[in-house]
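# Geometric and topological summary
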Amino acid sequence: MAKFTPLHDRILVRRIEEGETTRGGIIIPDSAKEKPQEGEVISAGKGKITEEGKVRPLDVKEGDRILFGKYSGTEIKLDGEDYIIMREEEVLGILSGAAKRETAGSRK
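These remarks concern the structure in this document. Each residue is numbered by its place in its chain's sequence as written, counting from 1. Reporting in this predicted model follows two pLDDT cut-offs: at least 70 for local features of residues, and 80 or more for side-chain atom pairs to be given and counted; totals over whole chains, interfaces and linings ignore these cut-offs and use all residues. Hydrogens and waters are ignored; side-chain quantities use all the structure's heavy atoms.

### Brief notes about the sheet that holds strand E7 (residues 81-87)
Here, a strand pair is defined by DSSP locating no fewer than two bridges between the strands. Per the convention used, a helix needs a DSSP run of H or I reaching at least four residues, while a strand needs a run of E reaching at least two, with both numbered from the N terminus. An order of E6-E7-E1-E2-E5-E8 is seen for the six strands of this open sheet, with the pairing classed as antiparallel. The sheet is open, and its two borders are formed by strand E6 (74-78) and strand E8 (91-95), each paired with just one other strand. Adjacent strand axes in the sheet meet at a mean angle of 45 degrees, parallel and antiparallel pairs treated alike. Between the N-to-C directions of two axes lies an angle of 0 to 180 degrees, each axis being a line fitted to C-alpha atoms and, for a helix, fitted only over the stretch in contact.

### With respect to the pattern of salt bridges
Think of a salt bridge as a Lys or Arg side-chain nitrogen and an Asp or Glu carboxyl oxygen that are within 4 Å of each other. Per the stated rule, a full pass over the model turns up 10 salt bridges. Its salt-bridge partner being Glu 81, residue Arg 14 comes within 3.8 Å of it at the nearest N-O pair. Here the residue Arg 14 occupies a position in strand E1 (residues 10-15), and Glu 81 occupies one in strand E7, the gap between them amounting to 67 residues. Partly exposed describes any residue whose relative accessible area lies between the buried limit of under 20% and the exposed limit of over 50%, with all areas from a 1.4 Å probe on protein chains only and scaled to the type maximum. Arg 14 gets classed as buried once you look at its relative accessible area, which sits at 16%. For Arg 65, the salt bridge goes to Glu 38, with nearest N and O atoms at 2.6 Å. Taken together, the positions of Arg 65 in strand E5 (residues 65-68) and Glu 38 in strand E2 (residues 38-44) put the pair 27 residues apart, joining distant regions of the chain. Residue class for Arg 65 comes out buried when judged on its relative accessible area of 7%. You can call Glu 38 buried: its relative accessible area is 11%. Via salt bridges that share partners, Asp 9, Lys 48, Arg 87 and Glu 89 belong to a single interconnected network.

Spelled out as structure tokens, the structure:
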């Protein structure tokens, strides 16, 4: 992947895919699925610049699992993979102890 470093208080996120079948085994077509609101932080900027001109480091860091709003950020494509760039203020929270799930680009 090309190296991408977000500026200031922005972060680069890879969306985490939800399961593609229901508990009863019914396959859900992509068009009917809600976009998941969970992702992994791929890279983060240096921090937000305060009114005093100081840099306040971000609370999220590379590797964090986060939750974000349905319409958060801007979707982009890097090296054929889908990512989202968002400001840290759009992050609803950090997940800790979450079971590892497949990321959107990890299935080949």
